[in-house]
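Take a look at the letters that make up each chain.
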Amino acid sequence: MKSILLVIAILLLVQSSFAKGIEFFEGTWEEAVEKAAAEEKVIFVDAYAEWCGPCKRMARNVFTDSEVGDYYNTHFINLKVDMEKKKNAQFAKQYPASAFPTLYYIDFDGKVVHQVKGARNVEQFINLGKEVLQKNDRSGLYAEAYEAGDRSPQLMYQYVKALNKASKPSLKIANDYINGQPDFSDADNLRFLLEATTQTDSRIFDLMITHRTAIENATSKARVQERIAQAAKATMKKALEYDSEELLEEVQEQMKKHYPSEANTFYLESEMHFAQKKKDPVRYYKAWKKYVREVADANAEEQTLMAKAAVRSFPTYQKGIQLAEKVAEKAVIGAETVTPHLNYAEILLAADKREEAKQAASRGLYIAKQNGDAMQMAKAMQLLKKVG
């Protein structure tokens, strides 16, 4: 659940990269199809080649973006496929790529919904995902029956579910069904309440909480927790869009009350995002320091990623840069993976400490060479070139 909460959507003008971006599925193509079918999602495939420069830039600058991660982790099953590896020969035969990267969007029935060649930036990539969901919108299959007066539990459930998957408003349709239901004790209505919950500031959310135990018994505790987290994330985004401190405090309280094990993480993340929106570095770093200490403790990669994001969020706030530098410096001690050292190098570069940045990037390059990691070697060498 932590990963879901880390990747909270934010306005395009409020860039943030402290979440981990896209979480790529680690299984086989067949397993990805099975997972996509179970969740009724489209599969996004990054069809790349190891030597491809634009592929590496997307992997470094786009797939790691928090906004990208939030959108793609929510709506797609994500898979990376090296098209020149022997183990992927069958996939490459079925879905050939004449240029890299080729970005495939494939439905769980094997049909290609959309494909494009070439790298995209963050905004273009998110818009591409939205275009795919619109193309693959299944809500029209149920809209005609709904307009004809069908309010059966199965039809309404599928209609609301399709609207949610297509990122279309479903609250009006959901309320239309709920208002005609005197009893929520049966399995169909319990399932409907879970699917229809999209915001914490709604009557539907309150009904889901009222019937929470029954819904958990019918589904699982984990699914209810996930729905609470998703609803809180959506409401937090609304608080940002409307610049509403009151709504922010309300959703923070809802998480504290209904998902206490993740409430502190959500509170600190939402505080950081709201501070970014308000351009308030003091408020940001107050939450940031607690997050680094209480959530990202003992995780060098996350701590240095958080530090890099803090510097990017407030690049002229010298007190913050100094604090981020101290956190990253401590985090890389004994770190034997590449990313923390490269993150530290970028922070040092922001602080105009080029010699120290060069040393940190060189350490990252050394580890990448020891591991035989060509992609990380390329990242380190590019950073060293930037340092000069």
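Everything discussed here concerns the structure shown above.
If you're wondering where the values come from, they're calculated on a predicted model, not measured in any experiment.

Rules used throughout
- Residues numbered from 1 in each chain as written.
- Predicted model: local features only at pLDDT ≥ 70, side-chain atom pairs only at ≥ 80, totals over all residues.
- Heavy atoms only, no water.
- Helix = DSSP H or I, 4+ residues; strand = E, 2+ residues; numbered from the N terminus.
- Rg over C-alpha atoms; globule rule 2.2 N^0.38 Å.
- Buried < 20%, exposed > 50% of the residue type's maximum accessible area, 1.4 Å probe, protein only.
- Contact = heavy atoms within 4.5 Å.
- Areas by Shrake-Rupley, 256 points an atom, 1.4 Å probe, with all protein chains shown as cover.
- Disulfide = S-S within 2.5 Å.
- Pairing = 2+ DSSP bridges.
- Axes fitted to C-alpha atoms, helices over the stretch in contact; angles between N-to-C directions.
- Parallel < 35°, antiparallel > 145°, perpendicular 65-115°, else oblique.
- Left-handed = near helix turned anticlockwise from the far one by under 90°.
- Nonpolar A, V, L, I, M, F, W, Y, C, P; charged D, E, K, R; others polar.
- Core = buried A, V, L, I, M, F, W, Y, C linked by side-chain atoms within 4.5 Å.
- Polar contact = N/O pair within 3.5 Å; in protein donor to acceptor, adjacent residues only side chain to side chain.

Helix and strand content of the protein chain: 21 helices and 4 strands. The C-alpha radius of gyration of the protein chain comes to 22 Å, within 12% of the 21 Å expected for a compact globule of 388 residues. With respect to the three principal axes, the spread of C-alpha positions in the protein chain is 70 × 55 × 35 Å. Evaluated residue by residue, the protein chain yields a buried proportion of 51% over its 388 residues. Residue pairs in contact within the protein chain that sit at least 24 positions apart in sequence constitute 65% of those at least 6 positions apart. Here the protein chain has roughly 18500 Å² of accessible surface; of this, 49% comes from carbon and sulfur atoms.

The subject of this paragraph is the state of the cysteines. On inspection of all chains with the given rule, the structure shows 1 disulfide. Here Cys52 engages in a disulfide with Cys55; their sulfurs sit 2.4 Å apart. Handedness of the Cys52-Cys55 disulfide follows from its S-S torsion of about 85°: it is right-handed. Across this residue pair, the class does not change: Cys52 and Cys55 are buried.

What follows is about the sheet that holds strand β2 (residues 76-82). Sheet strands line up and pair through hydrogen bonds in the backbone, either parallel or antiparallel. Spatial ordering of the open sheet is given by β2-β1-β3-β4, a layout of 4 strands whose pairing is mixed. Looking at the sheet topology across the chains shown, the edges are occupied by β2 and β4 (112-117). Averaged over all neighbouring strand pairs, the angle between strand axes comes to 15°, with direction disregarded. Note that strand β1 (residues 42-48) and β2 share 7 bridges and pair parallel. Across the sheet, residue Ile43 finds its bridge partner in β2, namely Ile77. Here helix α6 (residues 122-135) sits on the sheet in contact with β1, β2, β3 (102-106) and β4, set at roughly 155° to β4.

Two elements in contact, helix α14 (residues 245-258) and helix α15 (residues 260-278), have axes separated by 7 Å at closest approach and are oriented at 160°. Between α14 and α15, the angle falls in the class roughly antiparallel. Between α14 and α15 the crossing geometry is right-handed. Contacts between α14 and α15 involve Glu245, Leu248, Val251, Gln252, Met255, Lys256, Lys257 and His258 from the first element and Pro260, Glu262, Ala263, Phe266, Tyr267, Ser270, Glu271 and Phe274 from the second. A class-by-class count of the residues in the contact of α14 with α15 yields 8 nonpolar, 3 polar and 5 charged.

Judged by nonpolar contacts, the single largest core of 39 residues is most densely connected at Phe192, Met208 and Ile228. Here this core gets 8 residues from one element, more than from any other, and that element is helix α13 (residues 221-241). Excluding its chain neighbours within four sequence positions, the residues that come into contact with Met208 are Leu193, Leu194, Thr197, Ile215, Val224, Arg227 and Ile228. Residues Ala287, Ala357, Leu365 and Ala380 belong to the second largest nonpolar core, which totals 38 residues.

Attention now moves to the environment of Asp107. With respect to the helices and strands, the residue Asp107 is situated in the loop between β3 and β4. Between the C-alpha atoms of Asp107 and Ile367, which are 260 residues apart in sequence, the distance is 39 Å. Those residues in contact with Asp107 that lie beyond four places of it in its chain are Lys41, Val42, Val113, Asn136 and Arg138. Of note is the side chain of Asp107, whose polar atom sits 2.6 Å from the side chain of Arg138.

Looking along the chain, the bond that leaves Phe100 and enters Pro101 is cis, with omega of -10°. For Pro101, the position within the fold is in the loop between α5 (89-94) and β3. Even without a glycine there, the phi angle at Lys279 is positive, about 55°. Overall, Lys279 belongs to the exposed group, its relative accessible area being 63%. In this structure, Asp352 is a non-glycine residue whose phi angle is positive, near 60°. By the element assignment, Asp352 lies in the loop between α19 (338-350) and α20 (354-371).

Don't take any of this as a statement about function, it's just geometry.
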